[in-house]
Amino acid sequence: MTRTHVLIDLDGTLSDSHAGIARSLQYAFAECGFEPPTDHAVRDVIGPPFEVSFPKLGVGPDDFDRVVDKYRERYNDIGLFENTVYDGIPEMLETLRADGLTLALATAKPEEPARRITAHFGFSHHFAFEAGASGKRGNRRTKADVITYALAALSISAGDHVVMLGDRNHDVEGAIANGIDCIGVSWGFGSHKELAGAGAIAVANRPADVAGLIAHA
């Protein structure tokens with residue numbers, strides 16, 4: 001088996017985005033008359049689309065749009081930059097490219113802010129394509145949808161030559177739905193148990209471990 005392509009998640013995999021997401025959600029909930037979620041509650045729901053997360057935080061479908069609009073009011077100006085790169089990530093990306101792998105971003109975050117974040121961190125040049133969700137009114141919402149989109153944009157088929165790298169069970173499930181493997185990362189918002197339980201073929205404990213797992217897992 002020879003890997004040729006790696007799809008890489010953003011939140012919880014490349015960067016710790018908890019502060020910006022939490023502060024922006026707390027602002028949105030308060031503005032819309034809901035009890036703001038705690039930092040801990042936000043950490044538990046980072047990753048999947050908001051329509052999956054919001055019911056867990058007490059917001060139903062009828063209020064989804066107005067809460068998201070208020071969230072983006074803060075997040076798109078301030079919150080997306082309240083974000084830090086995990087130690088070892090720049091070196092990990094350099095190593096993967098030096099190994100001859102083609103990298104692509106695959107995040108359930110809307111594509112426009114995702115691309116602003118990778119540009120802010122100076123990561124954009126590592127990616128042959130940057131795939132994100134289409135937004136709350138689009139039809140590309142789940143991680144499975146984003147992976148399908150990324151594969152098409154890269155003009156490649158699914159198979160053992162492609163692997164997903166992510167920190168939550170929805171990364172694993174989206175990869176499996178598309179017929180590709182997923183390697184989990186334990187430094188993000190999910191746990192080793194969550195990732196292994198979802199079907200990750202391996203879990204990396206440090207960015208420095210990723211290249212070896214991609215080559216041999």
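Okay, so let's go over this structure. (Residues numbered from 1 in each chain as written. Predicted model: local features only at pLDDT ≥ 70, side-chain atom pairs only at ≥ 80, totals over all residues. Heavy atoms only, no water.)

1. Some details on the overall build of the protein
The helix and strand inventory of the protein stands at 10 helices and eight strands. Over its C-alpha atoms the protein spans a radius of gyration of 17 Å, differing by no more than 12% from the 17 Å that the globule rule assigns to 217 residues. Each principal axis of the C-alpha distribution contributes one length, and for the protein these read about 55 × 30 × 30 Å. Each of the 217 residues in the protein was classed as buried or not, and the buried ones make up 52%. (Helix = DSSP H or I, 4+ residues; strand = E, 2+ residues; numbered from the N terminus. Rg over C-alpha atoms; globule rule 2.2 N^0.38 Å. Buried < 20%, exposed > 50% of the residue type's maximum accessible area, 1.4 Å probe, protein only.)

2. Describing the sheet that holds strand β8 (residues 202-204)
The sheet built from six strands is open, its strands ordered β5-β4-β1-β6-β7-β8 with parallel pairing. Of all the strands in the sheet, the pair left with one neighbour each is β5 (127-133) and β8. Adjacent strand axes in the sheet meet at a mean angle of 25° when their direction is disregarded. Relative to strand β4 (residues 102-110), strand β1 (residues 5-8) is paired through four bridges, and the arrangement is parallel. Residue pairing in the sheet places Val6 in a bridge with Leu103 of β4. Against the sheet, helix α7 (residues 143-154) engages β1, β4, β5 and β6 (162-166), with an angle of about 150° to β5. (Pairing = 2+ DSSP bridges. Axes fitted to C-alpha atoms, helices over the stretch in contact; angles between N-to-C directions. Contact = heavy atoms within 4.5 Å.)

3. Points about the side chain of Arg168
Within the secondary structure layout, Arg168 lies in the loop between β6 and α8 (169-177). With a relative accessible area of 7%, Arg168 lands in the buried category. Sequence-distant contacts of Arg168, that is, excluding residues within four places in its chain, are made with Arg43, Asp44, Val45, Ile46, Pro48, Phe189, Gly190, Glu194 and Leu195.

4. Regarding the nonpolar core
Membership of the largest hydrophobic core comes to 45 residues, with the highest contact counts inside it found for Ile8, Leu14, Phe54 and Leu96. Beyond its immediate sequence surroundings of up to four residues, Leu96 is in contact with Ile8, Leu101, Leu103, Val210, Ala211 and Ile214. Among the nonpolar cores identified, the runner-up in size contains 21 residues, and Ala131, Leu151, Val162 and Ala175 belong to it. (Core = buried A, V, L, I, M, F, W, Y, C linked by side-chain atoms within 4.5 Å.)

5. Re empty space enclosed by the protein
Evaluated as defined, the whole model comprises one cavity of 30 Å³ or more. Its volume calculated, the largest cavity comes out at about 320 Å³. Around the largest cavity, the lining comprises 24 residues; the ones closest to its centre are Pro48, Phe50, Ala108, Lys109 and Pro110. Per-element tally for the lining of the largest cavity: the top contributor is helix α4 (residues 64-75), with five residues. In terms of residue class, the lining of the largest cavity is built from 14 nonpolar, five polar and five charged. (1 Å grid on protein atoms, 1.4 Å probe; cavity = no way out; pocket = protein on both sides within 12 Å on 5 of 7 lines; lining within 4 Å. Points joined across faces, edges and corners; volume = space filled by probe spheres on them. Nonpolar A, V, L, I, M, F, W, Y, C, P; charged D, E, K, R; others polar.)

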